[in-house]
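The primary structure of each chain is shown beneath.
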Amino acid sequence: MDINQLVRKNVQKLTPYQSARRIGGNGDVWLNANEYPVAPQFELTEQTLNRYPEPQPEQVINSYAHYAGVKPEQLIVSRGADEAIELLMRAFCEPQQDSILYCPPTYGMYQVSAETLGIDVKTVPTKSDWQLDLTGIKQNIDNVKLIYVCSPNNPTGNLINPEDIKALLDIAKNRALVVIDEAYIEFSPESSVVSWLANYPHLVILRTLSKAFALAGLRCGFTIANKPVIDALQKVIAPYPLATPVADIATQALSKTGIEKMQQQVQQLNRQKEIFASYLSALPIVEKVYPSSSNYLCVKFQAGKDVFKTLWNKGIILRDQSKSIGQDSIIRISVGTAAECEAVILALKTII
Ligand SMILES: *Cc1c(COP(=O)(O)O)cnc(C)c1O
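Here the structure is a predicted model, which means the values were calculated and not measured. (Residues numbered from 1 in each chain as written. Predicted model: local features only at pLDDT ≥ 70, side-chain atom pairs only at ≥ 80, totals over all residues. Heavy atoms only, no water.)

Caption draft 1: Examining the domain arrangement of the chain more closely. For the chain, the domain assignment lists domain 1 (3-38 + 258-351) and domain 2 (58-255). Distance between the C-alpha centres of domain 1 and domain 2: 23 Å. Listed as interface residues are 33 residues of domain 1 and, on the opposing side, 33 residues of domain 2. Buried surface at the junction of domain 1 and domain 2, both sides included, amounts to about 2500 Å², of which 62% is carbon and sulfur. Of all residues in domain 1, Tyr17, Ile259 and Ser293 bury the most surface against domain 2, accounting for 23% of the area lost on that side. For the pair domain 1 and domain 2, the interface holds 0 salt bridges. Put simply, the parts of the chain that give the side of domain 1 that touches domain 2 at least two residues each are α1 (9-12), α9 (256-281), β10 (296-301) and β13 (330-334). Class assignment for the residues of the side of domain 1 that touches domain 2 results in 17 nonpolar, 13 polar and 3 charged. (Domains from an automatic or database assignment. Contact = heavy atoms within 4.5 Å. Buried area = accessible area lost by both parts, 1.4 Å probe. Salt bridge = Lys/Arg side-chain N within 4 Å of Asp/Glu carboxyl O. Helix = DSSP H or I, 4+ residues; strand = E, 2+ residues; numbered from the N terminus. Nonpolar A, V, L, I, M, F, W, Y, C, P; charged D, E, K, R; others polar.)

Caption draft 2: Quick peek at the packing of helix α3 (residues 80-92) against helix α7 (residues 227-236). Direction vectors running N to C along α3 and α7 enclose 95°, while the axes themselves pass 9 Å from each other. With respect to α7, the element α3 is oriented roughly perpendicular. Here Leu87, Leu88, Arg90, Ala91 and Phe92 of α3 lie close against α7, whose contacting residues are Val229, Ala232, Leu233 and Val236. In terms of residue class, the contact of α3 with α7 is made up of 8 nonpolar, no polar and 1 charged. (Axes fitted to C-alpha atoms, helices over the stretch in contact; angles between N-to-C directions. Parallel < 35°, antiparallel > 145°, perpendicular 65-115°, else oblique.)

Caption draft 3: Inspection of the side chain of Asn153 at higher detail. By secondary structure assignment, the location of Asn153 is in the loop between β5 (144-150) and α6 (162-172). In this structure the side chain of Asn153 is engaged in a polar contact, spanning 3.0 Å, whose partner is the side chain of Thr156. For Asn153, the residues in contact, after removing those within four places along its chain, are Pro105, Thr106, Asn158 and Tyr296. (Polar contact = N/O pair within 3.5 Å; in protein donor to acceptor, adjacent residues only side chain to side chain.)

Caption draft 4: Examining the site of the ligand more closely. Close to the ligand lie 13 residues; Ala81, Tyr184, Thr208, Ser210 and Lys211 are nearest. At 2.6 Å, a side-chain N or O of Tyr184 approaches an oxygen atom of the ligand. Contact with the protein chains covers 94% of the free accessible surface of the ligand, which is 390 Å². Ranked by the residues each element gives to the shell around the ligand, the list is headed by α3, at 3 residues. Each residue belonging to the shell around the ligand can be placed in one class, and the counts come to 5 nonpolar, 4 polar and 4 charged. (Near = heavy atom within 4 Å. Areas by Shrake-Rupley, 256 points an atom, 1.4 Å probe, with all protein chains shown as cover.)

Caption draft 5: Main features of the packing of aromatic side chains. A complete count under the given rule lists 11 aromatic pairs for this structure. With a centroid separation of 5.7 Å and an interplanar angle of 75°, the aromatic rings of Tyr107 and Tyr110 are classed as edge-to-face. Judged by relative accessible area, Tyr107 falls into the buried class, the value being 14%. Between the aromatic rings of Tyr184 and Tyr296, the centroid separation amounts to 5.0 Å while the plane-to-plane angle is 75°, which identifies the pairing as edge-to-face. With Tyr184 in the loop between β6 (177-181) and β7 (203-208) and Tyr296 in strand β10, this residue pair connects regions lying 112 residues apart in the sequence. The two residues Tyr184 and Tyr296 agree in class, both being buried. Among the aromatic residues, those joined into a ring-pair cluster are Tyr64, Tyr67, Phe213 and Phe222. (Phe/Tyr/Trp six-rings, centres within 6.5 Å; stacked < 30°, edge-to-face > 60°. Buried < 20%, exposed > 50% of the residue type's maximum accessible area, 1.4 Å probe, protein only.)

Caption draft 6: Representation of the sheet that holds β13. With antiparallel pairing, 4 strands are arranged side by side in an open sheet as β9-β10-β13-β12. The sheet is open, and its two borders are formed by β9 (286-289) and β12 (319-320), each paired with just one other strand. Relative to β13, β12 runs antiparallel, the two being bridged by 2 bridges. Residue pairing in the sheet places Arg319 in a bridge with Arg332 of β13. (Pairing = 2+ DSSP bridges.)

Caption draft 7: A look at the UniProt feature "modified residue: N6-(pyridoxal phosphate)lysine" (unreviewed entry) in the chain. UniProt records the feature "modified residue: N6-(pyridoxal phosphate)lysine" (unreviewed entry) for Lys211 in the present numbering. Tracing the backbone through its elements, the reader meets Lys211 in the loop between β7 and β8 (221-225). Residue classification places Lys211 among the buried positions, given a relative accessible area of 14%. (UniProt positions renumbered as here; feature names shortened; annotations may be inferred.)

In structure tokens, the structure reads:
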């Protein structure tokens, strides 16, 4: 029996997300997933595992609300920001009828989630400076319910101009939600649009503990929006999205000392990023290191494909972007420890 015949048509055609752990490779240096390079230490304090957890753990919600400067009712916590990307579609998009819109090159999960759910995808590529093509978006907004904008953008590292986000919110008014994915915002915290929520009922912000908080393995993310949006998401989220140990560690990470530690990590990483960028720029095979407001660098090489393969063979795993729109010969490199960055530079110096 051919089980594949039974699989939904859209899932038969689906290309799954190229996750960091799925790519294979035999690496000692993993700089392909924008993870924080050092593991923070935690101890579990909550041992009551015979009971179901709280659906929305109060301490996690209250601590994050305090950190983000919003009310607890403006927040929902989920199994990573990835789950939130999909919850929004499940709550707001009619399959086979509504669309989402996003602007490549950008994060791959918007597409994967939409295709999984049978929701149409409209893409409006960014302009050559990786900023929004507002005219193109305006022309394609029919049937669009959700517009995903990543800022700082993954993989390019740039912030989206705040005036353009405002213009986009005006274009989308009474039509669609504008979802700003702030997965990397801790690396340029002054650029968050959280304070705009008071003026825009259709603004939604995604956050995560996976990047600056160094907790990608925890699977914990947040959606910030006004209460009516959050209420809709509460209807479709799984009954117990956060395991008890996850809530336990998230609470510790969001304590006063936890936040201070994260801010130190960010400072350190931003310093390391500047050093790494200057070493990369000095290499003859590097054409350009793009400015980055995040924890990774977008680097244009002469013959990027060969560079990726050569480093791969040396056990240094980077992210090849060359197949993405407007990303020819570009490799995305997460900023690692000083030793990891040095290993990259040494390996690159062997290529002529
Ligand atoms: C890493 C990442 C996410 C996913 O975060 P999780 O909380 O780990 O699911 C979402 N958006 C962008 C742009 C990311 O880079």
